[in-house]
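Below, each chain spelled out in residue letters.
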Amino acid sequence: MFVQELVLRQRTEILNALCSSGSAEHLEQVLDILLSQGELTWEDYQNIQVSGRALHCNARKLLDLVYIKGEDTCGLFFAAFKRVLPDAKGVGTSSSGCSSTLEEKEEHQSTCTETLLTQRPSLVEKLRGCIDGALEDLVTSGHFTSADCCEVQLPIHTPCQQARRLLDHVRSKGESAAKVVLQFIQHKQEPVSPLSQEKLTPPKEVLKYQKKLSSSISAQSCFLSTYGGTSHMSLDDIYTDGQLELAHNCVDVNGPLGLEDIVGAVGTVNKEADTVLVSGEAGGGKSTLLQRLHLLWARGAALQDFLLLFPFSCRRLNSEQRELSLQELLFQHCCWPDRQQEEIFQFILDHPHLILFTFDGLDELKQSFSDEHRLCCPTQRAPVHILLFNLIQGSLMKGVRKVVTSRPEAVGPLFKKHLCKEVLLKGFSPSGIDCFVRKHHSDAHVAAKVLESLRTNTALLGLCHSPVLCWIVSQCHKELLGCGEGSLQTITDVYLMILQHFFQHQSSLKNTTGLCWLQQHLQTVLHLGKLAFDGIGATCYIFSGTDLETCGVTEKDICMGFLMQSKDISTHAEGYEFLHLTMQCFFAALYIVLSDNTDRSTIPKLFETQKIKEAGQSSRCFIACLPSTDQPQRPSGGETTAAETPNRQITATFVSGLLSQRHRNLWLHCCPSAVMEKRVRQVVKCLSKGMQKHFKSIPQPVEGEKKSMHAMPGFVWLIKCIYEMQEDRVAKDAMSKLEVDHLKLTYCNIGPVECTALAYVLQHLRNPVGLQLDNNSVGDVGVEQLLPCMHICNSLYLRNNNITDEGIRKLLAKTIQCEHFKKIALFNNNLTDACTQHFSRLLKIKQNFVSLRLGNNNLTEKGAKQLAEGLKCNHSLEYLGLWGNKIGDAGAEALATALENSKTLVWLSLVDNGVGSAGACALSNIIKNCTSLEDLWLTENHITRSGVESLIQAMQHNTHVKSVWLRNNDLSLEEVEEMKQRESRLIF
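Quick summary incoming for the structure in this document. Because the structure is predicted, anything quoted here is derived from the model rather than measured. (Residues numbered from 1 in each chain as written. Predicted model: local features only at pLDDT ≥ 70, side-chain atom pairs only at ≥ 80, totals over all residues. Heavy atoms only, no water.)

## Structural notes on the overall build of the chain
Along its length, the chain carries 47 helices and 21 strands. Taken over 988 residues, the chain has a buried fraction of 57%. Accessible surface, the chain: about 41900 Å² in total, of which carbon and sulfur atoms supply 49%. (Helix = DSSP H or I, 4+ residues; strand = E, 2+ residues; numbered from the N terminus. Buried < 20%, exposed > 50% of the residue type's maximum accessible area, 1.4 Å probe, protein only. Areas by Shrake-Rupley, 256 points an atom, 1.4 Å probe, with all protein chains shown as cover.)

Below is the structure:
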């Protein structure tokens, strides 16, 4: 009764997995499978799926029924559950507990109505995208009325639910109706694209509109628009691919993602949603990526599944004060049809799967995402943000594909539940930096000099992973090459360099040199700084002529090049915006540092660490610090927007850097020294207070466990601020109060820039610490940036960080010299056999090294043999994890020979390595001779009875071994049962 009891024992976990998403889809998919297998009758199905009853109640009803039906039905339920939810944790059976499998039923049954049941899962999938065509055939054949069609196509149902209702109605209509549906599916051709799927020839006016729309988009996209297009660079000439990754691991993804994969099916986690999020840090290249997609579509070079593409900028949507209908939003903000607007809009409504919307910069929208105001009618007028939110949710124009870009901090769980997938844009790879610099400079000699300068300054190279910083460095190549090795270390350094570049490039004072350049342009800095400061406080990025006049911005200030023209889409008046959002934050920081018109509470409020949703005072620090007459208008209701906290943090980072001792000579003639010192003390106090807040949140360790701190992204931001100050005393003070054994920074968007800051601060820790950086974007350059703090690390965890052999070479060359360094975990990276020579050397030299985990990489028997050479000489290793590689029998034999006489090995994992019985026989020598061994993992291999026999014989000589794991090997159920009886420590 094992499986039947498991249904009771795991009832809570099963219900949570089926119902936690709030969607009935998972439950309905399980029901479809059980119906098709004949485990549920039609009456059972109707008793479970009672309309109007809560989802949890229906799920409980299914579990009750499954339990009553007995052992076989419970086994098939688990098989169905695992097919629908393969990644569900805490639910399932062991291999010995259930051998039930789902059988594919024959398609040709005695009746068509029976086929509707036995093929139900596949029929739902086939019908979900073509409900209209099936209904049309049923109406034409006289089986369905218009009322039947309306009942199937209720807007509250998802496409899959509509497909199920259609099948249910057809079944009630009898054999002839079922035959019509099956014939429709049989005759339906496999689609090459949505256009060919319907054999659709769009009306002439729609094709004319498509031509006009693509021409307009092509004209807008052909030159680099980001950073103001300051060099009028062709997008074709300068565009460089960034690193694209799925936010969720996907086994179907081989190699890097391409641009078309963003809107493709790869990586989809919610088939019922149609919104894709592209998230990345400010300056990470999101807008340029969308611009590239737009241009490729307009040329017919990509995204040809979509007949029409409508691009939107959330920054520009902010200025739309009118209530609009969806038709007005599309035509007034993108491209106006010359004629037959109603017919074209009706075509859009009738064919949503042929339409693509892009929304750039959701984080810049004044309103935070909400699903409270539902809107289903495409002709109803509403505020623009309400239209946008309902498009994203699918309440409005379900089926239209949407691509939305945003900074990661600005999107929460409420938004993400409406996503079909999330794609992470992680800036340039090292080869991407090289490519961008060479494209930026037509003179290959200059490009080579810039790249050489970057290679000699690894901190600056790390910064260049951000496309906006790479652009600045390329733009200011003369200043870069003339500033001396290593002088550019921080983001603030880079922005000061472009500030000087623009001023000196535009200045009529040809002899302007040295430190006086800022003093000569102080008024421009203050004018633009006030504009930036006010704008960030009001979530405003596009400024009218009145805004400029209010802040004292003159024509001369505009000519300096930091502002670019931008048309207000609601009034069609000319406006201005900063070259980049980060540039606006930089000028706001300059204003805070240099102006005497800000309140003394400006800096403390700037560094407050409340979350976005907390009450408004902290997030309105910019406004609160201005005289009441100067305060700009905010969104009604005092709402806090998603952009405020990220913008405030970027500005605070710049303030920290500007107040560094390294830059104070710049301010000597611009601001009184006493004022400057006071502001420095304020920043230092705020950083100390912020760090203390994180330290106080560290829980006391459970007895026998190490004290651990799981840091949040806000902690990383404070670390970056400390790094920008470049003052050892501040870093030492911050770390003097951190007393933990383990520092966990997983999923914190740690890239090379953050690694530089972490190393700078963590090197001042007083005691060794374990550093866990799993699931970030460290890469090889980030690894190199971490080297200065390796002497204080006793363990390093870098799971899933896109690290290659080259990064490992540099890391191990350093850690071999570090006395405290004893553990490393590098699973899910891009390591090959080439890295094993470095690990072998480490194992030979470091006789206090205890743990090496290299799972899920690309190691073969060659790498295993290389590791074995080091293991023969090592007398300290306790844990060795090589799961998910390809070492085979030869690799296992080499490791066994190296480890069979170990006096320290406790745990060894060779899961999923293609190990057969020959490898198992060799490994049995470790069991026999290694008295310290406790656990050996050999799951997911190809071991047969002879290999297990050898392991059993060895275990008889070693009672210290606790378990040998052998699930999913080449053994029959009878062999498993027999061997479990002979040796209870074998785990099948």
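Picking up where we left off.
## A closer look at helix α41 (residues 805-815)
Taken as a whole, α41 has its buried residues at D805, G807, I808, L811, L812 and T815. Looking straight down α41, one finds its buried side chains confined to an arc of 145°; they lie on one side. Looking at the buried residues of α41, the elements they touch are α40 (779-786), β14 (793-797), β15 (823-825) and α42 (836-845). (Arc of directions from axis to C-beta. Contact = heavy atoms within 4.5 Å.)

## Some points on the sheet that holds strand β2 (residues 275-279)
Here we have six strands laid out as an open sheet, ordered β1-β8-β2-β7-β5-β3, and mixed in their pairing. Of all strands in the sheet, those bounded by a partner on one side alone are β1 (244-246) and β3 (308-313). With direction set aside, neighbouring strand axes in the sheet form an average angle of 20°. Of the strand pairs in this sheet, β1 and strand β8 (residues 419-425) are connected by three bridges, and their pairing is antiparallel. What sits directly across from L246, in β8, is V423. (Pairing = 2+ DSSP bridges. Axes fitted to C-alpha atoms, helices over the stretch in contact; angles between N-to-C directions.)

## Section: the packing of aromatic side chains
Under the counting rule described, the total for this entry stands at 31 aromatic pairs. Ring geometry for F502 versus F562: centroids 4.9 Å apart, planes at 25°, classification stacked. Here F562 lies in the loop between α31 (555-559) and β9 (563-567) and F502 lies in helix α27 (residues 491-506), a separation of 60 residues in the sequence. Across the pair, F562 and F502 agree in class, each one buried. Taking 6.2 Å as the distance between ring centres and 75° as the angle between the ring planes, the aromatic pair formed by F586 and F587 counts as edge-to-face. Take F586: its relative accessible area is 0%, and that puts it in the buried class. Among the aromatic residues, ring-to-ring pairing joins Y495, F502, F503, F543, F562, F578, F586, F587 and F654 into one connected group. Sitting over the face of the ring of Y45, R120 holds its NZ or CZ atom 5.0 Å from the ring centroid. (Phe/Tyr/Trp six-rings, centres within 6.5 Å; stacked < 30°, edge-to-face > 60°. Lys NZ or Arg CZ within 6 Å of the ring centre and 35° of its normal.)

## With respect to the environment of V384
As for its placement among the helices and strands, V384 is situated in helix α20 (residues 384-393). For V384, a relative accessible area of 6% corresponds to the buried category. For the pair V384 and S325, spaced 59 residues apart in sequence, the C-alpha to C-alpha distance is 8.5 Å. If near-sequence neighbours (up to four positions away) are discounted, V384 is found in contact with L317, E320, R322, L324 and L329.

## Concerning helix α38 (residues 728-736)
Helical periodicity: at 3.6 residues per turn, an α-helix aligns residues three or four positions apart in one direction. When we look at burial in α38, the residues that qualify are V730, A731, A734 and M735. Within α38, the buried residues cover an arc of 120° as seen down the axis, which keeps them to one side.

## Quick look at the sheet that holds strand β16 (residues 851-853)
Taken in spatial order, the 11 strands line up as β11-β12-β13-β14-β15-β16-β17-β18-β19-β20-β21 in an open sheet, and their pairing is parallel. Each edge of the open sheet carries a strand with a single partner, namely β11 (708-710) and β21 (986-987). Inspection of the sheet shows β14 paired to β15 by three bridges, in the parallel sense. Opposite S795, over in β15, you have K823 as the bridge partner.

## Concerning the packing of helix α29 (residues 522-537) against helix α32 (residues 581-594)
Packing of α29 against α32 brings their axes to within 7 Å, and their N-to-C directions diverge by 115°. Accordingly, the angle class assigned to the pair α29 and α32 is roughly perpendicular. Of the two elements, α29 crosses α32, and the hand of that crossing is left-handed. Together, L522, V525, L526, L528, G529, K530, A532, F533, G535 and I536 of α29 and Q584, C585, F587, A588, L590, Y591, I592 and L594 of α32 make up the contact between the two elements. Each residue belonging to the contact of α29 with α32 can be placed in one class, and the counts come to 14 nonpolar, three polar and one charged. (Parallel < 35°, antiparallel > 145°, perpendicular 65-115°, else oblique. Left-handed = near helix turned anticlockwise from the far one by under 90°. Nonpolar A, V, L, I, M, F, W, Y, C, P; charged D, E, K, R; others polar.)

## Let's talk about the pattern of salt bridges
A full pass over the atoms with the stated rule returns 47 salt bridges. A salt bridge links R339 to E205, with the nearest nitrogen and oxygen atoms 3.7 Å apart. Taken together, the positions of R339 in the loop between α18 (326-333) and α19 (341-350) and E205 in helix α14 (residues 204-221) put the pair 134 residues apart, joining distant regions of the chain. (Salt bridge = Lys/Arg side-chain N within 4 Å of Asp/Glu carboxyl O.)

## Concerning the pairing of β3
Burial within β3 is extensive, with five of its six residues counted as buried. As defined by bridge partners, β3 adjoins strand β5 (residues 355-360) across six bridges and the pair is classed as parallel. Directly across from L308, in β5, lies its bridge partner I355.

## Side note on the environment of S487
Here S487 lies in the loop between α26 (477-482) and α27. Distance in space between the C-alpha atoms of S487 and L460 is 9.3 Å, their sequence separation being 27 residues. Discounting chain neighbours no more than four positions away, the residues touching S487 are N457, D493 and R662.

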